Every structure is written in C-alpha cells, then in structure tokens.
Amino acid sequence: MPWGPEDISGLVSKLTLEQKIAQLSGFSVAELFVRPSDGGASTGPTPDPGLVATLRPHGVGHLSLAWFLGHDAESLREALAGIQEAVRETSPFGMGALVHNEGINGFLHVSGAQFPTAWAQAATWDPGLIERSASVTSAHMRHAGVQLLFSPVMDINRDPRWGRVHETYGEDPELAAQMAVAFVRGVQGADQENGVLATGKHFLGYGASEGGLNTAATQLGRRALVDEYAEPFRRSITEAGLSVVMNSYNEIDGIPSVSNPWLLTELLRGRLGFDGMVVSDYDAVNLLRLAYRTATTEGEAARQALTAGLDVELPGDINFAALVAEVESGRLDESVIDTAVTRVLTVKARTGLIPAFTRASERPVRPGIEEAAGIRRSIAEHGLVLLGNDGTLPLTPGERRIVVVGPGADELRIHFGAYTSVAAREMPMGMLAVQGGEIPGVDPETFVFTDIFQTRMPGLEAIFEAEARKVHPAALTVLDALRRIDAEVDFVPLGSFRMDPGHVLDASEVRQAVEGADLVIAVVGERTGWVGTNTAGEGQSTASPSLPGDQETLLALLAATGRALVTVVVSGRPLLLEPVARASNAVLLAPLLGEEAGTAIASAIFGAVNPSGRLPSTFPRHLGQLPIYHGHHHGSGYGHPTGTRHGYGDLESQGPLYPFGHGLSYSSFEIELDERNGPAVELIDGSVRVRVMVSNTGPADGETVVQLYARDESASVVRPVRQLIQFQRIGLADGEASAIVLEAPIERLHYTLPDGRRGIEAGEVTVLAGFSSEDIRCSATVTIEAGADQEETA
C-alpha cells in the first residue's frame with residue numbers, strides 16, 4: 001500500500017466543512033438526465049455531466065442508481081467515465097466518486113452476466129462455486145467503472161413470510177458465513193486490491209423482522225444477535241477483509257439500526273473489529289423522520305445516524321446536507337464528521353479514486369460469456385433439490401406419454417427474483433404504467449414511489465414475460481426444455497398464479513386434460529420480484545407462504561386422476577408444501593435458477609443431471625410452526641435429544657416437512673466414522689477433526705453433501721440442540737467409497753458467556769455426521785477445555 005492513515009488524515013485536514021460533508025452522501029445519476037434537443041424522441045433522456053459542478057459544487061462522494069445508465073457494457077462504461085471526469089473536476093484533490101451497484105445474482109445491468117439467486121447458491125452447499133460467480137460479477141463491475149458491489153446479503157432468515165428470503169443464504173449462521181466469505185473473496189480478490197469492494201448487508205437482524213414484515217421491528221436479544229445473526233459479518237471481516245457494511249431497515253429494542261450506536265459502533269467496530277465504512281440503505285436515514293419518528297428535522301436525523309456510526313447517507317443528501325448547520329450551531333462536533341470522512345477517503349484510496357494514491361493499472365477486461373455461462377449452469381444443476389421421490393424419477397425419454405400442466409410450465413419470468421436483469425427492466429415499465437394511469441385504483445398524482453413494491457399491477461404479466469424473453473433470448477422454459485429431450489411431451493395450460501372467479505377448476509376439466517397420459521408434470525410456484533403481481537420480493541410479505549392462486553386445487557385434482565404426478569416447485573423461499581407432498585409422487589424444488597432453470601429442471605427429470613442440492617432453510621408443515629429452524633435452543637422448537645417437550649396438540653408431527661440440509665438423489669449414500677487409524681473424532685490444535693468414510697451404494701454416479709453438526713451437552717447458557725460446524729460436497733461413482741476429513745475450529749461453537757466474553761465452557765460436545773440436520777448417521781462425544789476470545793469484550 002503506497003499510502004497510510006496519516007496521508008488520509010492530511011487530506012481531511014485540508015477540506016472545508018462543505019467539502020467534507022459532500023463526501024458523506026450520494027448523488028443520483030437521475031439528477032443529470034436531460035432530454036436532447038429533439039425531445040428525446042430517438043434516444044430518450046441522457047446524462048449531462050456538465051450539471052455536476054452546478055448541482056454538487058463541493059464535490060461528490062458517491063454516485064447512486066448507476067444501473068440506469070447505458071444500454072450495453074460499453075455505453076455504461078462511457079457514461080460513467082464522463083460523469084467521473086466531471087466529478088474529478090469539481091471534487092478536491094481530483095477525487096472520483098464511489099460508484100455502487102447491486103450484484104447478489106450477478107451485475108445488475110442489462111450487460112451483466114446473471115446467476116441463480118443467493119438462496120439457490122446456498123442450496124449448492126458449494127462455496128467454491130459462489131466465489132467463482134462473485135469473481136465474474138466483480139470483473140463486470142471493474143470493466144464498467146464501479147467500485148462498490150452492494151452484496152452479499154448476510155441476513156439470517158427463519159420466517160418465510162418475509163419476501164426477501166431468496167436474497168439470503170438461508171437460516172443457518174455457518175452456511176451463511178461460509179457462503180458470504182466466499183462471495184467477498186470472489187469480489188475483492190486474493191490481494192483485496194482489484195478496485196472493487198463487497199458490501200455486507202444488512203446489519204443487523206433484518207431477516208428476523210416481526211411477523212415477516214419488511215422493515216418491522218426485530219425482537220431478538222443481544223446474545224442471539226451477537227452469536228448467531230452477526231456470524232456471517234464476523235467471519236467475513238476476519239476471513240475475507242470485508243470493509244464496507246450497510247445498515248438494515250429494522251429497529252431493535254426501540255432504536256432504529258441506522259442510528260443505533262450499540263449496533264454500529266460497540267458491536268460492529270468494537271466486538272467484531274470492523275474498521276471500514278458504513279453506508280445507509282436507500283432512504284434509511286429518511287425513515288428516522290418519516291417512519292420511526294425518532295427525529296423531527298433533517299439535521300436531527302443526520303446527527304443521530306452519524307454519531308451512531310453511520311458514515312454515508314444514500315441515495316442522496318436529503319438529511320446529511322443539514323450537517324453544515326448542525327456543526328455551525330454547535331449541536332455536532334466537526335471531529336465526528338472528520339472520522340466519517342476519513343473512512344470514506346480510505347475506501348476511495350483503496351479503490352483508486354484519489355489520484356495521488358493511485359498506481360498505474362491495466363484497463364479492466366470484461367469477462368467472457370462462456371465463463372459466466374459455465375458457472376451459472378453449474379449453480380443451477382447443483383442447486384436443484386429433490387424433496388421427495390417414490391422412484392418415479394428419473395424418467396426415460398419416450399417411455400411414457402407425458403402431459404405438462406401448471407402456470408410455471410411455459411413461463412420464463414418465474415425463474416428470476418428481485419435484483420436481477422429481468423426485475424430491473426420491469427421497474428421502469430411499472431413506473432410508466434403508474435404515471436400513465438394504467439393501474440386500476442392508483443392515482444398517479446398522489447402515488448409515492450416507495451409504494452411501488454406493494455402495488456398490484458394486473459395486466460402487465462404478458463408484457464413482463466415478453467421482456468424476460470427479450471433480455472434472455474436463449475433461455476428455455478421448462479416446457480421448451482422438456483420437449484428438447486422428449487418431443488412428444490404434451491402441454492395443457494391448467495392452473496393460475498391468481499384466483500379467477502370467472503374460472504374455477506373442476507375435476508372433469510382436469511380429468512379430460514390428462515386423459516391418456518401415463519404421467520403428469522406440474523410446474524407450480526410463485527413470482528418473485530419488485531413490481532407486478534408478485535407474491536414474494538422486496539417489500540412483499542405474505543401472511544401465508546403457500547402456492548398462490550388455484551395451484552393447490554390443481555394438484556389435488558391431478559392426484560385424484562390416479563396418474564403419476566411429478567411436481568416442480570419454483571420458489572425462492574420455503575413454502576407450505578404439505579398438500580403438494582401428499583399429492584405428488586416426486587417433488588423437485590427449483591430455487592429461482594434464472595436463465596438456466598428450464599434446462600436444469602428438464603435434465604434432472606430425465607436423469608441427465610442427478611440432483612444434489614440441499615435445503616438452506618427448513619420447510620414447515622404448518623403455518624403455525626413459524627419460525628421453524630434446525631438450530632433452535634434446548635427446551636424450544638421441535639427436536640429434543642433429552643426427550644419430548646411441549647408441542648402443538650393439533651399436529652401429528654412436530655417436526656418440519658423437509659428439514660434443513662435435506663435433499664434426495666438418484667443415488668444412495670452411506671456414511672460411517674472412520675476409525676482405521678485411530679479415533680475418528682479428535683481435538684487437534686484448537687479444532688475438531690472428524691474422519692468419515694462415505695460410500696455411494698448406487699445405482700448411479702452422484703454427489704452428496706456430508707454435514708457435520710455439534711451439540712454442546714451442558715453450558716451455563718442455553719445452547720442449540722445442534723449447530724452446523726462444517727460440510728463438504730463430494731462426488732462418487734456407483735459403488736465407490738472415499739475417506740474424507742472434516743475440520744472445524746472450536747471457535748465455531750463459541751458463544752457469549754455470562755460474563756460477557758465470547759468463548760466456551762469445559763465439557764462434553766457431541767459431534768454428529770450425516771446428510772441433513774435430521775438424517776444423522778453417526779456420532780461421537782469428546783471433552784473440550786474452556787476457551788475464550790480475549791479480543792472480544794462485552
């Protein structure tokens with residue numbers, strides 16, 4: 001590093017108050033858009049970089065909404081370069097602006113390679129794949145001139161009513177931590193000097209909102225927050241050098257996260273050792289005035305957030321612009337601003353935006369199409385989860401007469417979530433429909449932009465589907481892909497995502513549709529995104545996360561025909577699938593696999609792909625079980641090693657429908673402790689080391705995921721009934737066996753002790769190995785010594 005902290009401090013000391021504050025807020029590219037002289041008839045509004053000096057005379061800290069620029073990779077790069085040139089001319093020391101973009105599913109731009117959703121990535125249980133995909137996304141951003149990738153989402157979610165589950169890595173701290181670390185490493189590179197930085201979000205507990213409602217309160221104690229929900233952040237900071245964090249929209253114990261000093265300073269910077277920059281989620285500072293009502297003025301909101309530990313307001317400067325008056329009035333000491341500016345300039349220096357600290361580098365190269373396609377295909381194939389199968393799958397082409405039904409069979413749009421290329425194209429289309437008065441019951445004059453996520457937009461489905469096919473012209477629907485393998489597959493359009501009072505499914509209609517068929521493939525699920533008629537997505541919670549419309553009725557009527565039924569469920573979150581399981585001979589989960597979904601699903605149905613995905617979240621049997629997750633505490637939840645506890649009297653089974661880590665295969669696997677060369681479970685150099693023998697007992701080559709759990713048998717603090725501490729994906733040929741070693745640091749079992757330190761007490765720990773949280777095949781107990789993290793204090 002050719003510069004040090006003293007160099008940054010020197011720059012800060014030379015800035016005026018106004019220049020400092022300019023570095024602490026965003027500037028939307030939308031403010032630069034103007035219509036050309038012909039009124040924009042041919043090209044539409046274009047950015048005018050010449051407006052930067054007028055609109056931001058003291059400089060620009062951050063550039064927001066850059067995904068609206070350009071129609072391809074080169075036009076985006078040129079537009080950003082032009083704006084940056086204007087920013088450098090206005091900003092002190094010739095500094096550029098930090099440009100951010102989304103990238104959880106790939107670079108959020110029409111030119112960016114797309115990947116399956118984060119939940120699908122987690123279903124692969126393969127951090128290596130996630131690191132490779134993140135590396136491609138980072139390369140796209142470097143080529144475009146973007147420095148901050150606003151991903152990954154590190155939220156732990158255990159309530160599928162929340163609409164953003166598909167953006168997360170699921171319910172488990174260890175799985176989420178390993179995926180997050182891999183993502184950050186992929187973005188930042190081995191030396192962390194490639195000019196792009198990942199952003200961990202949302203800090204903290206956002207995915208555990210009350211009632212599954214977006215931005216609602218989080219009812220968690222500090223021990224749960226520190227020991228479980230902060231784990232992906234802790235590990236990404238220590239193992240991958242995470243240096244940018246975004247706050248969450250929630251409030252905890254009455255204090256909004258964006259203005260919570262315990263959260264942003266004491267926990268994040270103190271206990272977790274974070275020394276980077278904290279940015280606000282869009283409009284989070286505004287919420288202090290408009291939603292939470294903890295501030296009455298812009299200046300008060302800005303002061304609350306800044307003194308709590310937030311460094312940057314995004315997307316604009318509605319509140320932080322008032323910091324000048326806060327300092328001049330004496331309500332805020334300028335040193336607080338200096339601290340935040342120092343953090344911002346440190347990030348700018350790392351990403352090459354301060355000329356005096358920038359080394360010469362080669363022009364970034366845009367990644368090749370085939371590299372991204374291969375990774376995308378691998379994630380899709382490894383992310384498919386076979387939930388149930390009575391032997392009906394796999395099918396043989398041409399052997400049976402197959403009829404395909406269901407509203408998801410011939411739709412491409414259903415396989416994409418929010419923060420994808422498809423959702424990004426839908427957003428402006430939805431806004432134009434609102435502004436044009438095309439949405440029933442919506443007044444364009446009084447419409448508030450943030451309400452767009454909840455606004456129902458019936459009638460746009462066909463337009464959105466056409467746009468998805470335009471963006472991804474080579475992508476196949478499930479029906480198309482099935483017919484590529486078996487040309488005789490028939491299709492009958494039965495079922496709908498929305499209830500239609502004018503058309504109610506009846507038994508005779510369904511019976512006639514499948515008459516003569518040997519087997520039926522039903523493709524069902526829900527739409528996920530930002531705008532339209534989605535039932536999942538940002539700001540779109542559901543009281544009952546079940547199949548929408550008449551899809552459950554369709555499956556029940558199909559089952560009544562006596563035909564074999566294979567059900568494909570397309571969803572980015574756990575749904576209430578007990579009626580689906582009851583009606584189906586086989587159930588295959590496709591967790592928003594994007595443009596490779598159709599091909600991957602068809603390949604799995606016909607056996608060209610042997611399913612090997614594992615669930616990153618628990619699937620409940622009943623709505624009343626929520627929240628349900630495998631790592632619940634002793635005395636709570638559904639699983640108790642010491643015997644039966646209180647349960648639901650109206651449920652025959654207290655457990656989940658499909659447990660965390662579950663996933664079937666066309667192969668059978670066995671696992672046992674390997675004691676050929678001594679004890680199979682040992683404590684060595686502060687780690688638990690476990691040797692197991694894994695066997696594929698046929699009848700096909702396949703892959704499985706060996707999962708290692710641990711249970712602290714006795715502690716002065718109530719502990720979980722099991723914790724995932726390590727896992728490994730392994731491929732074996734039919735009849736092959738292999739010895740593997742799984743190793744996990746004892747620190748993964750640490751928790752907040754009664755005295756506030758983080759550590760573990762001496763005692764027995766049971767180590768369990770298997771193929772899911774419920775499918776444990778072998779175990780052993782070891783005695784460990786007490787230990788604590790001396791660097792973390794309460």
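Note: the structure precedes this text.
Residues numbered from 1 in each chain as written. Predicted model: local features only at pLDDT ≥ 70, side-chain atom pairs only at ≥ 80, totals over all residues. Heavy atoms only, no water.

## Examining the overall build of the protein
Then, number 1: Looking only at helices and strands, the protein features 22 helices and 29 strands.
Then, number 2: In terms of C-alpha radius of gyration, the protein reaches 27 Å, essentially the compact-globule figure of 28 Å for 794 residues.
Then, number 3: On the principal axes, the C-alpha backbone points of the protein span a range of 75 × 70 × 50 Å.
Then, number 4: Considering only contacts within the protein whose residues lie at least 6 apart along the sequence, 76% involve residues at least 24 apart.
Then, number 5: With an accessible surface of roughly 28800 Å², the protein has 49% of that area assigned to carbon and sulfur atoms.
Then, number 6: One finds the centroid of the 60 positive side-chain charges in the protein at a distance of 1 Å from the centroid of its 100 negative side-chain charges. (Helix = DSSP H or I, 4+ residues; strand = E, 2+ residues; numbered from the N terminus. Rg over C-alpha atoms; globule rule 2.2 N^0.38 Å. Contact = heavy atoms within 4.5 Å. Areas by Shrake-Rupley, 256 points an atom, 1.4 Å probe, with all protein chains shown as cover. Lys, Arg positive; Asp, Glu negative; His and termini not counted. Charge placed at Lys NZ, Arg CZ, Asp CG, Glu CD.)

## Considerations on the packing of aromatic side chains
Then, number 1: Under the defined criterion, the tally for this structure stands at 11 aromatic pairs.
Then, number 2: Ring geometry for tyrosine 419 versus tryptophan 530: centroids 4.8 Å apart, planes at 75 degrees, classification edge-to-face. Of this pair, tyrosine 419 sits in the loop between strand 14 (402-405) and helix 16 (421-435) while tryptophan 530 sits in the loop between strand 16 (519-525) and helix 20 (551-560), and the two are 111 residues apart along the sequence.
Then, number 3: You can call tyrosine 419 buried: its relative accessible area is 11%.
Then, number 4: Its relative accessible area of 8% is what places tryptophan 530 among the buried residues.
Then, number 5: Through successive ring pairs, a cluster of aromatic residues spans Trp67, Phe68 and Tyr282.
Then, number 6: Here arginine 158 stacks its cationic end above the ring of tyrosine 629, 4.0 Å away from the centre of that ring.
Then, number 7: Lying across the ring of tyrosine 419, lysine 201 places its NZ or CZ 5.4 Å from the centre. (Phe/Tyr/Trp six-rings, centres within 6.5 Å; stacked < 30°, edge-to-face > 60°. Buried < 20%, exposed > 50% of the residue type's maximum accessible area, 1.4 Å probe, protein only. Lys NZ or Arg CZ within 6 Å of the ring centre and 35° of its normal.)

## Regarding helix 20
Then, number 1: Among the residues making up helix 20, those that are buried are Gln551, Leu554, Leu555, Leu557 and Leu558. Taken end-on, helix 20 shows its buried residues confined to a sector of 165 degrees, consistent with a single buried face.
Then, number 2: Of the surrounding elements, those touching the buried residues of helix 20 are strand 14, helix 19 (507-513), strand 16, strand 17 (564-570) and helix 21 (578-583).
Then, number 3: Just beyond helix 20, the residue with positive phi is glycine 562, at close to 85 degrees. (Arc of directions from axis to C-beta.)

## Regarding the nonpolar core
Then, number 1: Tyr169, Phe203, Ile337 and Leu558 are the most contacted members of the largest nonpolar core, which totals 176 residues.
Then, number 2: Counting residues per element, this core draws most heavily on helix 7 (residues 173-188), at 9 residues.
Then, number 3: Not counting residues within four places of it along the chain, the set of residues in contact with isoleucine 337 comprises Leu17, Lys20, Ile21, Leu24, Leu306, Leu323, Val327 and Leu332.
Then, number 4: The next biggest cluster of nonpolar side chains, apart from the first, holds 38 residues, and it includes Ala120, Leu393, Leu519 and Val523. (Core = buried A, V, L, I, M, F, W, Y, C linked by side-chain atoms within 4.5 Å.)

## A look at the pattern of salt bridges
Then, number 1: Per the counting criterion, the structure on display carries 43 salt bridges.
Then, number 2: Here arginine 343 ties to aspartate 311 by a salt bridge, and the two come within 2.9 Å at their closest N and O atoms. Placement of the pair is arginine 343 in helix 14 (residues 334-350) and aspartate 311 in the loop between helix 12 (298-308) and helix 13 (323-328), with a sequence separation of 32 residues.
Then, number 3: Here arginine 413 makes a salt bridge to glutamate 426, at a shortest N to O gap of 2.4 Å. With arginine 413 in the loop between strand 14 and helix 16 and glutamate 426 in helix 16, the pair connects residues that are 13 residues apart, well separated along the chain. (Salt bridge = Lys/Arg side-chain N within 4 Å of Asp/Glu carboxyl O.)

## Considerations on the environment of arginine 748
Then, number 1: If you trace the backbone, arginine 748 turns up in the loop between strand 24 (737-745) and strand 25 (751-752).
Then, number 2: What makes arginine 748 buried here is its relative accessible area of 17%.
Then, number 3: Measuring from C-alpha to C-alpha, the distance between arginine 748 and isoleucine 725 comes to 6.3 Å, with 23 residues separating the pair along the chain.
Then, number 4: Once residues lying within four places of it in the same chain are set aside, the contact partners of arginine 748 are Glu174, Gln178, Arg235, Gln723, Ile725 and Gln726.
Then, number 5: Within the structure, arginine 748 has its side chain in polar contact with the side chain of glutamate 174 (distance 3.2 Å). (Polar contact = N/O pair within 3.5 Å; in protein donor to acceptor, adjacent residues only side chain to side chain.)

## Some words on unusual backbone geometry
Then, number 1: Of note, the bond from serine 151 into proline 152 is cis; its omega dihedral lies within 30 degrees of zero at 10 degrees.
Then, number 2: As for its placement among the helices and strands, proline 152 is situated in the loop between strand 6 (148-149) and helix 7.
Then, number 3: Geometrically, the link from leucine 314 to proline 315 is a cis peptide bond, its omega value of 5 degrees lying close to zero.
Then, number 4: As for its placement among the helices and strands, proline 315 is situated in the loop between helix 12 and helix 13.
Then, number 5: Unlike most non-glycine residues, phenylalanine 93 shows phi in positive territory, near 65 degrees.

## Some points on the sheet that holds strand 5 (residues 98-101)
Then, number 1: If you walk across this open sheet you meet the 5 strands as 1-4-5-6-7, and the pairing is parallel. Strand pairing shows two members of the sheet lacking a second neighbour, strand 1 (26-28) and strand 7 (197-198), which therefore form its edges.
Then, number 2: Both strand 5 and strand 6 contribute to a ladder of 2 bridges, which runs parallel. Counterpart to histidine 100 in the pairing with strand 6 is leucine 148.
Then, number 3: Helix 14 contacts strand 4 (62-64), strand 5, strand 6 and strand 7 of the sheet and is inclined by roughly 80 degrees relative to strand 5. (Pairing = 2+ DSSP bridges. Axes fitted to C-alpha atoms, helices over the stretch in contact; angles between N-to-C directions.)

## Observations concerning the sheet that holds strand 22 (residues 702-712)
Then, number 1: An order of 23-22-27-28 is seen for the 4 strands of this open sheet, with the pairing classed as antiparallel. The open sheet is flanked by strand 23 (723-732) and strand 28 (776-784), the only strands paired with a single partner. Averaged over all pairs of adjacent strands, the angle between their axes in this sheet comes to 20 degrees, without regard to strand direction.
Then, number 2: The pairing of strand 27 (residues 763-770) with strand 28 spans 8 bridges and is classified as antiparallel. When the bridges of strand 28 are listed, valine 765 appears paired with valine 782.

## Looking at the packing of helix 6 (residues 127-144) against helix 15 (residues 369-383)
Then, number 1: The interhelical angle for the contact between helix 6 and helix 15, taken along N-to-C directions, is 145 degrees, at an axis separation of 10 Å. Where helix 6 crosses over helix 15, the handedness of that crossing is left-handed. Together, Leu129, Arg132, Ser133 and Val136 of helix 6 and Glu371, Ala372, Ile375, Ser378, Ile379 and His382 of helix 15 make up the contact between the two elements.
Then, number 2: Of the residues in the contact of helix 6 with helix 15, the class split is 5 nonpolar, 3 polar and 2 charged. (Left-handed = near helix turned anticlockwise from the far one by under 90°. Nonpolar A, V, L, I, M, F, W, Y, C, P; charged D, E, K, R; others polar.)

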